[in-house]
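Now for the letters of each chain:
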Amino acid sequence: MLVAALVVAGCGGQDPAPSIPVGATAEPESQLVAHLYAAALRFYGNPAHVTTEEDPLGRLDSGETRVAPGFTGRLLQRFDPDTPARSDVQVYRRLLSVLPEGVAAGDYTTSAEDKPAVAITEKTADSWDAADVTALLRRCGDVAVGAVDGTAPPSRIGTCTLPAAREFPDDATMFASLRAGEIDVAWTTTAAPDVPSEVVVLSDRTSLIRAENLVPLYRRNELTESQVLALNEVAGVLDTGSLADMRREVAEGTDPGLVAGQWLDAHPLGVGN
């Protein structure tokens, strides 16, 4: 009878918490950041897993996914493509105001971004006396521009409408063309893992290019307060250099989940925040 009572008592215990699905596309960077947020949830004891979807935002809107991280500017482009917002604060605030009903945004990573960036050779930087993208405005229509096929760099910087970009099959070919003087400007991103050390990436101190900071979107009222706090903790520890390093590891073939987990082990959440 005692054994039977213990069995009945055991069967009456609470069911384990369901695993939280974190949506991502098959693109490597999307996989990486999804695994980063899933690892953050697990860090605080919440079961979580990454699901690969063609449209994670659509599945978040329909309630089939609970979390879908992304970059603020790209998200804003989807929900409000005509907005003039460019700085990180402007983009984030505008994004909050146009999210679909039932979807909320956590804290964005103020120190981690992956936005379009302009790369030039050291020789060009010396010739232009340039360290910032504003130098490009003075040469608006007189530069040859390159971009990797399949990317969508800005066609305008401030009041400047740039010439159409020459497309290259990959970054290596584009940067080789830049070094050879066949193009003057190469579009990359601030967290790109493969920018050659001998090129100069121009800063954007006046936010001429729209901000792209990492942010977690989630189903409103479907996560606990502690789960939302776990997502927000990422904003306190991630920076652009770390994002670039992790992207490089993934590009070299390391599993995104392993990369995210190892980085979080080395940068535990809640420490010093």
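Residues numbered from 1 in each chain as written. Predicted model: local features only at pLDDT ≥ 70, side-chain atom pairs only at ≥ 80, totals over all residues. Heavy atoms only, no water.

**Student:** What exactly am I supposed to notice about the pairing of strand E1 (residues 20-24) here?
**Tutor:** For a regular strand, side chains alternate in direction, first toward one face of the sheet and then toward the other. Counting buried positions along E1 gives five out of five residues, so the element sits mostly inside the fold. Burial along E1 is two-sided: Ile20, Val22 and Ala24 facing one way and Pro21 and Gly23 facing the other are all buried. Inspection of the sheet shows E1 paired to strand E2 (residues 48-52) by five bridges, in the parallel sense. If you follow Pro21 over to E2, its bridge partner there is His49. In this view, the connection linking E1 to its parallel neighbour E2 by way of helix H2 (residues 28-43) has right-handed handedness. (Buried < 20%, exposed > 50% of the residue type's maximum accessible area, 1.4 Å probe, protein only. Helix = DSSP H or I, 4+ residues; strand = E, 2+ residues; numbered from the N terminus. Pairing = 2+ DSSP bridges. Right-handed = clockwise from strand over helix to strand, strands pointing away.)

**Student:** Teacher, can you tell me more about the sheet that holds strand E6 (residues 145-148) here?
**Tutor:** In sheet architecture, strand pairing relies on hydrogen bonds along the backbone and comes in two forms, parallel and antiparallel. Read across the open sheet, the five strands follow the order E9-E6-E10-E5-E11; overall the sheet is mixed. The strands lining the two open edges of the sheet, one partner per strand, are strand E9 (166-168) and strand E11 (199-201). The sheet shows a mean angle of 35° between the axes of neighbouring strands, taken without regard to direction. The sheet contact formed by strand E5 (residues 116-121) and E11 spans three bridges and is antiparallel. Paired with Ala119 across the two strands is Val201, which belongs to E11. On the sheet, helix H8 (residues 171-179) packs against E5, E6, E9, strand E10 (185-189) and E11 and is oriented at approximately 145° with respect to E10. (Axes fitted to C-alpha atoms, helices over the stretch in contact; angles between N-to-C directions. Contact = heavy atoms within 4.5 Å.)

**Student:** Just checking my understanding: could you explain the packing of aromatic side chains for this structure?
**Tutor:** What describes a pair of aromatic rings is the distance from one ring centre to the other and the angle between the planes of the rings. This model, assessed by the stated rule, comprises two aromatic pairs. With a centroid separation of 5.2 Å and an interplanar angle of 80°, the aromatic rings of Phe43 and Tyr44 are classed as edge-to-face. A relative accessible area of 38% means that Phe43 is categorised as partly exposed. For Tyr44, a relative accessible area of 39% gives the class partly exposed. Plain terms: the ring middles of Tyr92 and Tyr108 are 4.7 Å apart, the flat faces sit at 45° to each other, and that makes the pair tilted. One end of the pair, Tyr92, is in helix H5 (residues 88-98); the other, Tyr108, is in the loop between strand E4 (103-105) and E5, and 16 residues separate them in sequence. Taken individually, Tyr92 and Tyr108 each receive the classification buried, so the pair is uniform in this respect. (Phe/Tyr/Trp six-rings, centres within 6.5 Å; stacked < 30°, edge-to-face > 60°.)

**Student:** Help me understand the confidence of the model for the chain, please; the structure alone is not making it clear to me.
**Tutor:** Low pLDDT marks stretches whose predicted atomic positions should not be read closely. In this model, the chain carries an average pLDDT of 92, and 94% of its residues clear a pLDDT of 70 or more. Long-range and interchain partners of residues 1-10, a stretch whose pLDDT sits below 50, account for zero contacts in this model, where long-range means more than four residues apart. (pLDDT = per-residue confidence, 0-100.)

**Student:** For this particular structure, what's the right way to read the environment of Ser111?
**Tutor:** Here Ser111 lies in the loop between E4 and E5. For Ser111, a relative accessible area of 43% gives the class partly exposed. The spatial distance from the C-alpha of Ser111 to the C-alpha of Thr161 is 29 Å, given a sequence separation of 50 residues. Sequence-distant contacts of Ser111, that is, excluding residues within four places in its chain, are made with Leu238, Asp239 and Thr240.

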